[in-house]
Amino acid sequence: MQLTHRPVISSTGLFTPEESITNEELVESFNTFVDLHNERNADAIAAGEIEPLQHSSVEFIEKASGIKARHVMAKAPVLDPDIMAPRWDERSNDELSIMAEIGVKAARQALDRAGRKPEDVDAVLCAASNMQRAYPAMAIEIQQALGIEGFGFDMNVACSSATFGIQTAADYVRSGNAKSVLVVSPEITSGHLNWRDRDSHFIFGDVATAVLVEDAAIAPEQHWDILSTKLKTVFSNNIRNNFGFLNRAHPESAGEPDKLFVQEGRKVFKEVVPMVAQMIIDEAEKLQMDPATLRRLWLHQANAGMNRLIAQRVLGHEANDDESPTVLDTYGNTSSAGSIIAFHLNSDDLAAGDTGLICSFGAGYSAGTVFVRKAA
C-alpha cells in the first residue's frame, strides 16, 4: 500500500473511573476538615498567629468553575478528612502500574473502534501532565502491555500534552517514520491536587484517553483529516507544581503546598484567554478559513468561563452547547485529556465535510490547536 504521508485521526478511546464525587460530597468533606483544623488550632487562631480556614460551598465551586462532579480512582480516602488524598496498594515492579493500566484500557478502545490490531501500530506516546515515575517510561510499559512493536516515550506539556502528542504523531506520519501512532493520556490528577486548598480542591478529576493518529492510506472510512496543528508555549509561573526528585535536596520543604498543584487563577484567566483565542484565529487565517465557520470547538475543559470567552472571540457570538460542548461539569478538569473527552463524546453526529477544532491550554503556558475535518 502506498502511504500518503497525510495524517488523520482514525479513532479515540476513553476510560472513565467508576467512582464520582459530587460537589455536595466534596464540600461536606472539606468543611469537616476545616472545622477540625480550626478546632485543633483554636488557641493559635485566637492569638492571631494563624488565620482560620474558611468553608467552601457548592455555589462557590460552580460559579468559579462550572464543575459539578469529577471521577476519581479512589473516592473514600479523598473524602476522608484525615487523609484527603488517593490511596491504593502499592504494586510490585512485575505488576502493571495503575497509570499504565488505565492508559491501556483507553488505548484498547481506540484500537477496537478503528479495527486495528496492536501489531499494526508503530509507536506509543504517553502524553500526560503528571507521570507516575521518572523511568522506565510509562509509554514503554503501555506499549509492552498492548503487545506493540516499535517505540514509545513520555512527554509532558501539562494540560496541552495530548495536543502536543497529536502533532508529534502527525509529524511522524508526515515524515514517513510511522504510519500508525497511539497518543495515550492517562491523567490521575487526584494525586497532585491539594484537596485541602479551598481555591483548588474542586478542580481535577481522573480519566484516560487515547487518540490513534494514522496515515490516511490505512485509516478506516470514518476518520478525521488533520488540516493543521499549531503549538505555542510562553513561560509563566501562574500554574506550577514543584514536586520532583530534587526535593530531596531540601527535605525541610518537601511537604509544602507548592509541591502540589498551585495557580494564580485570575492571572491565568486574564492572560490565557486572549492568547488562545488569537492563536486559533491566526491559524484559521493561514488555512484560509473563517473561524466563524467552524462547526464545533472541542476546547480544553478547565473552566466554563474561559471556554465561553474563547469561543465567543473565535465564532463571533456566544457559543451554544452544540457549538462548544462541555464535559467539565461531570468530569472536572482532567488536564490534557479534557478536549479529547469532549471530542470523543461529541463528534459522531457531525456530517462529512464538517470542520472542527481540538484545542488545549494550560501550564507553561502551553497551548495546542488541531484543526480537523470529517472525512467524506
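Everything below is about the structure printed above this text.
Just so it is clear, the model here is predicted, and its values are computed rather than measured.

Chemist: Pulling in residues and values, what's your account of the overall build of the chain?
Modeler: For the chain, the count of helices and strands is 11 helices and 13 strands. Against the globule reference of 21 Å for 376 residues, the chain gives a C-alpha radius of gyration of 21 Å, in line with a compact fold. With the C-alpha coordinates aligned to their principal axes, the bounding extent of the chain is approximately 75 × 55 × 35 Å. A burial count over the chain gives 54% of its 376 residues as buried. Pairs at least 24 residues apart make up 78% of the contacts formed inside the chain by residues separated by at least 6 positions. Accessible area for the chain stands at about 17,000 Å²; split by element, carbon and sulfur atoms hold 48% of it.

Chemist: How would you summarise helix H5 (residues 98-114) if you had to cite specific residues and measurements?
Modeler: For H5, which comprises 17 residues, the first-to-last C-alpha distance of 25 Å matches the rise-based estimate of 24 Å (1.5 Å per residue) to within 8%. Buried within H5 are the following residues: Ile98, Met99, Ala100, Ile102, Gly103, Val104, Ala106, Ala107, Ala110, Leu111 and Ala114. Contacts from the buried residues of H5 go to strand S1 (7-15), strand S4 (123-127), helix H6 (138-146), strand S6 (180-188) and strand S7 (206-215). Gly115 lies just past H5 and shows a positive phi near 65 degrees.

Chemist: Please provide a residue-by-residue account of helix H7 (residues 161-175), values included.
Modeler: Here H7 contains 15 residues, and its C-alpha end-to-end distance of 21 Å stays within 8% of the 21 Å for a straight helix at 1.5 Å per residue. Among the residues making up H7, those that are buried are Ser161, Ala162, Thr163, Phe164, Gly165, Ile166, Gln167, Ala169, Ala170 and Val173. Following H7 by one or two positions, Gly176 adopts a phi angle in the positive range, close to 85 degrees.

Chemist: Which residues make up the pairing of strand S8 (residues 224-233), and what values do they have?
Modeler: The sheet contact formed by S1 and S8 spans 2 bridges and is antiparallel. Bridge pairing in S8 places Ile9 opposite Trp224. Examined bridge by bridge, S8 and strand S13 (residues 366-374) share 9 bridges and lie antiparallel to one another. Paired with Ser228 across the strands is Phe371, a residue of S13.

Chemist: Tell me about the pattern of salt bridges, residues and numbers included.
Modeler: By the definition in use, this model includes 15 salt bridges. One salt bridge in this structure joins Asp349 and Arg296, with 2.8 Å as the shortest N-O distance. Pair noted here: Asp349 is in the loop between helix H11 (338-345) and strand S12 (355-362) and Arg296 is in strand S11 (residues 296-299), with a separation of 53 residues, a long-range link. Here Asp349 falls in the exposed class, since its relative accessible area comes to 52%. The exposure class of Arg296 is buried, given its relative accessible area of 2%. Each of Arg295, Arg296, Asp322 and Asp349 takes part in a single network of salt bridges with overlapping partners.

Chemist: Residue-level account of the sheet that holds S8, with values.
Modeler: Taking strand neighbours across the sheet as the criterion, the 9 strands line up as S5-S4-S6-S7-S1-S8-S13-S12-S11 in an open arrangement whose pairing is mixed. The sheet terminates laterally at strand S5 (151-155) and S11, the two strands that pair on one side only. Within this sheet the neighbouring strands show an average axis-to-axis angle of 25 degrees, counted without direction. Each of S11 and S12 touches helix H9 (residues 304-315); the most contacted strand, S11, lies at about 145 degrees to it.

Chemist: Outline the packing of H5 against H6, listing residues and values.
Modeler: Following both chains from N to C, one finds H5 and H6 inclined at 55 degrees, their axes separated by 9 Å at the closest point. One finds that H5 runs oblique with respect to H6. As H5 packs across H6, the resulting crossing turns out to be right-handed. Residues Met99, Ala100, Gly103, Val104, Ala107 and Arg108 of H5 form the contact with H6, whose participating residues are Met138, Glu141, Ile142, Ala145 and Leu146. Residue composition of the contact of H5 with H6, by class: 8 nonpolar, 1 polar and 2 charged.

Chemist: Can you tell me about the packing of aromatic side chains, naming the residues and giving the values?
Modeler: Aromatic rings considered in pairs are described by the distance between their centres and by the relative angle of their planes. Here the structure, examined in full by the defined rule, presents 8 aromatic pairs. Centroid distance Phe60 to Phe202: 5.8 Å. Interplanar angle 90 degrees. Geometry classified as edge-to-face. Remark: Phe202 occurs in the loop between S6 and S7 and Phe60 occurs in helix H3 (residues 58-65); sequence separation between them is 142 residues. Relative to Trp298, the ring of Trp224 lies with its centre 5.6 Å away and its plane at 85 degrees, an arrangement referred to as edge-to-face. One end of the pair, Trp224, is in strand S8; the other, Trp298, is in strand S11, with 74 residues separating them in the sequence.

Chemist: Go over the nonpolar core with me, naming the residues and quoting the values.
Modeler: In summary, soluble globular proteins display a tendency toward joint burial of nonpolar side chains. Among the nonpolar cores identified, the biggest contains 44 residues, and Val276, Ile280, Leu294, Ile310 and Phe361 are the most heavily contacted of them. Those elements that place two or more of their residues in this core are helix H1 (23-40), H3, helix H4 (75-79), helix H8 (265-286), S11, H9, S12 and S13. It is H8 that contributes the most residues to this core, 8 residues altogether. Ranked by size, the runner-up nonpolar core spans 33 residues in total, among them Met155, Val211, Trp298 and Ala342.

Chemist: So what about the side chain of Glu214? Which residues, and what values?
Modeler: Relative to the assigned elements, Glu214 resides in strand S7. Engagement of the side chain of Glu214 in a polar contact is seen with the side chain of Ser10, the distance being 2.5 Å. In this structure, Glu214 is in contact with Arg6, Pro7, Val8, Ser10, Arg116, Val173, Lys179, Ser180, Ala219 and Pro220, ignoring residues within four places of it in sequence.

Chemist: Lay out unusual backbone geometry with the relevant residues and their values.
Modeler: Look at the link from Tyr135 to Pro136: it is a cis peptide, with omega at 0 degrees. As for its position among the elements, Pro136 is in the loop between S4 and H6. At Gln288, a residue that is not glycine, the phi angle is positive and equals roughly 55 degrees. For Gln288, the location among the structural elements is in the loop between H8 and S11. For Gln288, a relative accessible area of 77% puts it in the exposed group. For Ser335, which is not glycine, the phi torsion reads 55 degrees and is therefore positive. Secondary-structure assignment places Ser335 in the loop between helix H10 (328-331) and H11.

Cut-offs used in this document
- Residues numbered from 1 in each chain as written.
- Predicted model: local features only at pLDDT ≥ 70, side-chain atom pairs only at ≥ 80, totals over all residues.
- Heavy atoms only, no water.
- Helix = DSSP H or I, 4+ residues; strand = E, 2+ residues; numbered from the N terminus.
- Rg over C-alpha atoms; globule rule 2.2 N^0.38 Å.
- Buried < 20%, exposed > 50% of the residue type's maximum accessible area, 1.4 Å probe, protein only.
- Contact = heavy atoms within 4.5 Å.
- Areas by Shrake-Rupley, 256 points an atom, 1.4 Å probe, with all protein chains shown as cover.
- Expected span 1.5 Å × (residues − 1).
- Pairing = 2+ DSSP bridges.
- Salt bridge = Lys/Arg side-chain N within 4 Å of Asp/Glu carboxyl O.
- Axes fitted to C-alpha atoms, helices over the stretch in contact; angles between N-to-C directions.
- Parallel < 35°, antiparallel > 145°, perpendicular 65-115°, else oblique.
- Left-handed = near helix turned anticlockwise from the far one by under 90°.
- Nonpolar A, V, L, I, M, F, W, Y, C, P; charged D, E, K, R; others polar.
- Phe/Tyr/Trp six-rings, centres within 6.5 Å; stacked < 30°, edge-to-face > 60°.
- Core = buried A, V, L, I, M, F, W, Y, C linked by side-chain atoms within 4.5 Å.
- Polar contact = N/O pair within 3.5 Å; in protein donor to acceptor, adjacent residues only side chain to side chain.

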